[in-house]
Amino acid sequence: MRRTGLGVAVQANRLPRRPKRRMILAEQVLLGVPHAHGTRRHPVVRAVMVGAVCLLVAGTGVTGFLVGTAKDASALSEQTAAAGAANYDSSASSDEALSQRIEKINVQQTVDEQSKEIDQLQNQVDNAQKNILNALMRNLNTKLATSRGTTGYKTYIAQAKVLISLNSKVVSFNKTSAAKTVDISSYSSEISSRLSHLPTLHPIQGDYSGYGWRIHPIFHYRQFHPADDVGSSKGTPIKAAGAGTVTRAGYYGTAGNMIVIDHGNGFETVYMHLSKFKVSVGQKVNKGTIIGNVGTTGASTTPHLHFEVHYHGVPFNPTEILLQW
Ligand SMILES: [Zn+2]
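Residues numbered from 1 in each chain as written. Predicted model: local features only at pLDDT ≥ 70, side-chain atom pairs only at ≥ 80, totals over all residues. Heavy atoms only, no water.

K.L.:
In this structure, what is going on with the coordination of the zinc ion? I would like to understand it.
P.N.:
By definition of the ideal shapes, a tetrahedral metal site with four donors has angles of 109.5 degrees and an octahedral site with six donors has angles of 90 or 180 degrees. Taken together, His 225 (NE2), Asp 229 (OD), Asp 229 (OD) and His 306 (ND1) make up the protein donors of the zinc ion, found 2.0 to 2.8 Å from the metal. Each of the 4 donor atoms around the zinc ion contributes to a set of angles spanning 50 to 151 degrees, which defines the coordination as irregular. (Donors = N, O, S within 2.8 Å, 3.2 Å for Na, K, Ca; no water. Tetrahedral: all angles 85-135°; square planar, octahedral: opposite > 155°, others 65-115°.)

Take a look at the structure:
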């Protein structure tokens, strides 16, 4: 948006507010909101541009007015001179002073009016931005199923996938130069806060398997194994799958050294057969905090992590909700 003359003078005071307008476009790009107008501009931006054009036209009108006034003053001076009036000089100079005052008043009125108009347009831009942010937040606030069974678990998995996707878009956007002028921190922190409490992070690298019915490797009876077992070397650091509070950290017979983390929303994760603890009961952890080390304590034949995800007390397949490495 380029302006000349008056427009530049008015625009100059408002430079610090310009990034807000760009934010709308950035949000559209960031979230892949379909651009309903194709290559056409956002309605509010178009309105601002129309305002700018009006300004330009008005500015041209003012210039015409000034030129006309000067010509009139000049003609009047000539007539006065032709009439041979004795007070020619003083009359001419007072006419010029008068026309200059009129010019100033006219210019000031135009500037005031256009300034008001730009304020109104800016308000429209601000409101549009608020509406977009509200809409984004409403999407995040979509009520999740309170079902305690598979439906509830699947709903959280679906939301986790959406949050991970949005989060990666935010990360990509923050690497662009636009991020220096566009502030989306409130939106991105809301996304990462929601994502942090879902146990989506693989606690260690490796192959996750073993959830379901199987013959117990030590006791040789058919049992439902409510976890994935991940083979790893002794001492491998174990990360918390999600943010939460440690509710158990101790030795529990066949489970060996075990940690349980409560993530809220009905989610708990369980880590068994550890060689060492790095956290204690009551401690708050973030997603990714090192909580202990892989071991083979309890009923275990080789160093591995036995990992369970509980939703309202029921163990579900961890592989489905472990979406991040
Ligand atoms: Zn196991």
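K.L.:
What exactly am I supposed to notice about the environment of His 306 here?
P.N.:
By the element assignment, His 306 lies in strand S11 (residues 304-311). Here His 306 is in contact with His 225, Ala 227, Asp 228, Asp 229, Val 270, Tyr 271, Met 272 and His 273, once residues within four sequence places are set aside. Here the side chain of His 306 touches Asp 229 through a polar contact of 3.4 Å, side chain to side chain. (Helix = DSSP H or I, 4+ residues; strand = E, 2+ residues; numbered from the N terminus. Contact = heavy atoms within 4.5 Å. Polar contact = N/O pair within 3.5 Å; in protein donor to acceptor, adjacent residues only side chain to side chain.)

K.L.:
Teacher, can you tell me more about the sheet that holds strand S4 (residues 237-239) here?
P.N.:
By way of backbone hydrogen bonds, the strands of a sheet pair with one another, either parallel or antiparallel. Reading across the sheet, the 3 strands line up as S4-S10-S8 and stay open at both edges, with antiparallel pairing between neighbours. Only two strands of the sheet have a single partner each, and these edge strands are S4 and strand S8 (276-277). Bridge count for S8 against strand S10 (residues 290-293) is 2 bridges, and the pairing is antiparallel. Opposite Phe 277, over in S10, you have Gly 292 as the bridge partner. (Pairing = 2+ DSSP bridges.)

K.L.:
Got a minute to help me understand the packing of aromatic side chains in this structure?
P.N.:
What describes a pair of aromatic rings is the distance from one ring centre to the other and the angle between the planes of the rings. With the rule as written, the count across this model stands at 12 aromatic pairs. Where Phe 219 meets Tyr 221, the ring centres are 6.2 Å apart and the plane angle is 15 degrees; that geometry is what we call stacked. We classify Phe 219 as partly exposed; its relative accessible area is 44%. Each member of the aromatic cluster is reached from another via a ring pair, and the members are Tyr 153, Tyr 156, Phe 267, Tyr 311 and Phe 316. (Phe/Tyr/Trp six-rings, centres within 6.5 Å; stacked < 30°, edge-to-face > 60°. Buried < 20%, exposed > 50% of the residue type's maximum accessible area, 1.4 Å probe, protein only.)

K.L.:
I keep staring at unusual backbone geometry and nothing clicks. Help me out?
P.N.:
One can expect most non-glycine residues to show negative phi and most peptide bonds to be in trans. With a phi close to 70 degrees, His 273 is a non-glycine residue in the positive phi region. By the secondary structure assignment, His 273 is in strand S7 (residues 267-274). Phi is positive for His 312, which is not a glycine, with a value near 50 degrees. Its location among the elements puts His 312 in the loop between S11 and strand S12 (314-316). Here His 312 falls in the partly exposed class, since its relative accessible area comes to 29%.

These figures come from the coordinates and say nothing about function on their own.
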